[in-house]
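In case you want the letters, here they are:
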Amino acid sequence: MRTAYSVETVRNAETELMARLPEGALMQRAAAGLAAACADLLGRVYGARVVVLVGSGDNGGDALYAGARLARRGAGVSAVLLAPDRTHQGGLAAFTGAGGRVTDDPFEVLAVADLVLDGITGIGGKGGLRPDAVPVARAARGSDAVVVAVDLPSGVEADSGEVRGEALRADATVTFGTYKPGLLIDPAREYAGTVRLVGIGLEAHLPSVPDLEALQHADVARLLPEPAAESDKYRRGVVGVVAGSARYPGAAVLAVAGALRGGAGAVRYVGHAADAVIARFPETLVHAGPPAKAGRVQAWVVGPGLGDDEEAVRDVLASDVPVLVDADGLRLLDAAAVRDRDAPTLLTPHAGEAAALLGVPREEVESSRLASVRELAAHYGATALLKGSTTLVAGPDGSRTPVRVNPMGTPWLATAGSGDVLSGLAGSLLAAGLEPRDAGSVAAYLHGLAARHAVAEGAPITSYDVASALPSAWHDVTHT
Ligand SMILES: NC(=O)C1=CN([C@@H]2O[C@H](COP(=O)(O)OP(=O)(O)OC[C@H]3O[C@@H](n4cnc5c(N)ncnc54)[C@H](OP(=O)(O)O)[C@@H]3O)[C@@H](O)[C@H]2O)[C@@H](O)CC1
Ligand SMILES: [K+]
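Residues numbered from 1 in each chain as written. Chains lettered and ligands numbered in written order. Predicted model: local features only at pLDDT ≥ 70, side-chain atom pairs only at ≥ 80, totals over all residues.

## Thoughts on the sheet that holds strand β2 (residues 49-54)
Read across the sheet, seven strands follow the order β4-β3-β2-β5-β6-β7-β8 without closing on themselves; strand pairing throughout is parallel. Either end of the sheet is taken by a strand with one partner, and the two such strands are β4 (101-102) and β8 (194-198). Inspection of the sheet shows strand β7 (residues 172-176) paired to β8 by five bridges, in the parallel sense. From the neighbouring strand, valine 174 faces β8, where its bridge partner is arginine 196. (Pairing = 2+ DSSP bridges. Helix = DSSP H or I, 4+ residues; strand = E, 2+ residues; numbered from the N terminus.)

## Side note on the environment of tyrosine 179
Relative to the helices and strands, tyrosine 179 resides in the loop between β7 and α7 (188-192). Looking at tyrosine 179, the number of C-beta atoms within 10 Å reads 23, which means it is buried. Those residues in contact with tyrosine 179 that sit more than four places away from it in its chain are Arg2, Thr3, Ala4, Leu184 and Leu197. (Buried ≥ 20, exposed ≤ 12 C-beta atoms within 10 Å, placed from the backbone. Contact = placed C-beta atoms within 7 Å.)

## So, the site of ligand 1
What surrounds ligand 1 is a group of 29 residues, the closest being Gly57, Asp58, Asn59, Gly122 and Gly124. When residues of the shell around ligand 1 are traced back to their parent elements, those giving at least two are α1 (7-18), α2 (25-42) and α3 (58-72). Among the elements that make up the shell around ligand 1, the one with the highest residue count is α3 (four residues). Classifying every residue of the shell around ligand 1 by side-chain character gives 12 nonpolar, 11 polar and six charged. (Near = placed C-beta within 6 Å. Nonpolar A, V, L, I, M, F, W, Y, C, P; charged D, E, K, R; others polar.)

## Quick word on the nonpolar core
Among the nonpolar cores identified, the biggest contains 163 residues, and Leu53, Val116, Leu117, Val241 and Val256 are the most heavily contacted of them. Among the elements that line this core, the one with the most residues is helix α18 (residues 436-457), at 10 residues. If you count residues domain by domain, this core takes at least three from each of domain 1 (2-212) and domain 2 (217-478). Setting aside chain neighbours within four positions, we find valine 116 in contact with Val51, Leu53, Leu110, Ala140, Ala145, Val147 and Val148. (Core = buried A, V, L, I, M, F, W, Y, C linked by C-beta atoms within 7 Å. Domains from an automatic or database assignment.)

## As for helix α14 (residues 351-358)
Every buried residue belonging to α14 is among Glu353, Ala354 and Leu357, and all of these are buried. Along the long axis of α14, the arc covered by the buried residues comes to 100°, so they all point the same way. Each element contacted by the buried residues of α14 is listed here: α12 (328-331), α15 (362-367), α16 (369-380) and β16 (383-386). Looking one or two residues past α14, glycine 359 carries a phi angle of roughly 70°, positive in sign. (Arc of directions from axis to C-beta.)

## Description of the domain arrangement of the protein chain
According to the domain assignment, the protein chain contains domain 1 (2-212) and domain 2 (217-478). The distance between the C-alpha centroids of domain 1 and domain 2 comes to 40 Å. Looking at the side of domain 1 that touches domain 2 residue by residue, the class counts come to six nonpolar, two polar and four charged.

## Focus on the packing of α14 against α16
α16 packs onto α14 with a crossing angle of 50° between their chain directions and a minimal axis gap of 11 Å. What the angle tells us is that α14 and α16 run oblique. Helix-helix and strand crossings are classified by hand; for α14 and α16 the assignment is left-handed. Residue-level inspection shows Ala354, Leu357 and Leu358 of α14 in contact with α16, the latter providing Ser372, Glu375 and Leu376. (Axes fitted to C-alpha atoms, helices over the stretch in contact; angles between N-to-C directions. Parallel < 35°, antiparallel > 145°, perpendicular 65-115°, else oblique. Left-handed = near helix turned anticlockwise from the far one by under 90°.)

As structure tokens, this is what we get:
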């Protein structure tokens, strides 16, 4: 599991740790890791041209100490001081002592740089880059140099992943002690490039519950249901899929395709697209009446391509099993009915649907994804899965459980019907007994991985290809 902690938590841990260490030791650890990462990126340090962008805080201090280390190894290092009268004094002394040069002409050195270290702001940064830093940042980005962000790309919000103004896009970020939420959540994540975590001893001082966590292969493998020798299809769970309409039969087919590959023992389809479903998947159990009369299921999926069948949504929400609501189902959702349920509910909106559920503009959800998913979960008393380039899953109990962020997304998933496959898959995992936050995050992970597998076979891919690649994604996580 990769975990991320908020700035406040990082600062508390830092205070505890610093009390036990000689002054400056922590910054030296950070600078050593940073310089080593730069050396790896450069290949050859001797003779390399490095520019250090230095802001007013400790982030600039890290950059200066790392610049000093590179200078001692024979790099030509220049520093651009953005707040000359508030530059980190120890860092500056070490830097000049090692042969680093302070420059008055940032554009001259940036034009020929091999590597730029962005030490403008780290976890102390607020808002986008300030006006004086903007032309310098643009020149850095516009040069041929590799841009390495110190701790975080300057200009992004560490806690939320928001980018409120201009930020300096990095090719790589070297972060200290722990990931920060902004390094894992779009849009900030896109500014970070490849992220390398440098241990500085902070780990032991961080609380056991992080703010954010990202599953990895081993976590997914541990959470996936495994059919035991005595399992029959009912013990493995039956998932009911209420989806599709005369107008959108394909959504039903895709949701069933996802559900069949999610580990449930059987899929029961309820709706007006049974012929299309059976034609593709003869193993599906179909039912033409209302969901309540369809027979026992261990979880329901309702909504993909459903049209205006409000009654079906109401019927399913009245059941006493876990329910996943997606797409049209979200449009027809009664918040009170969700809050009153005893069994868990999992809502799976994309940004537009989430905006409608929250009554805010879509842009607001897109720019502050973490706050939005938490708010949705709290407002509906449900687990919320916010789809997007970084899918987030929040439980209904606030900060007591970490929000899950999916590291497996790929732009190839932005294709028609991909959400239908995801909802079927997540519903199937619910029926197999996973709790909603696990079902949602495991489904998002497998879905992204399946898309990557499908792309390896040839792109562009369709949603059906993603569903078909789910078994190989499953095999991948359980056999590595
Ligand atoms: N925590 C740890 O464990 C460790 C932390 N370490 C390092 O310390 C870093 C945090 O240092 P920090 O607290 O000094 O803050 P930092 O990010 O340098 O910003 C400083 C100042 O910038 C200013 N400023 C604000 N917004 C701005 C903007 N948009 N554009 C321009 N300027 C802006 C603002 O000052 P203001 O001008 O508002 O007075 C603010 O006070 C951390 O990221 C890591 O690199 C490691 O050394 C070791 C372990
Ligand atoms: K930075």
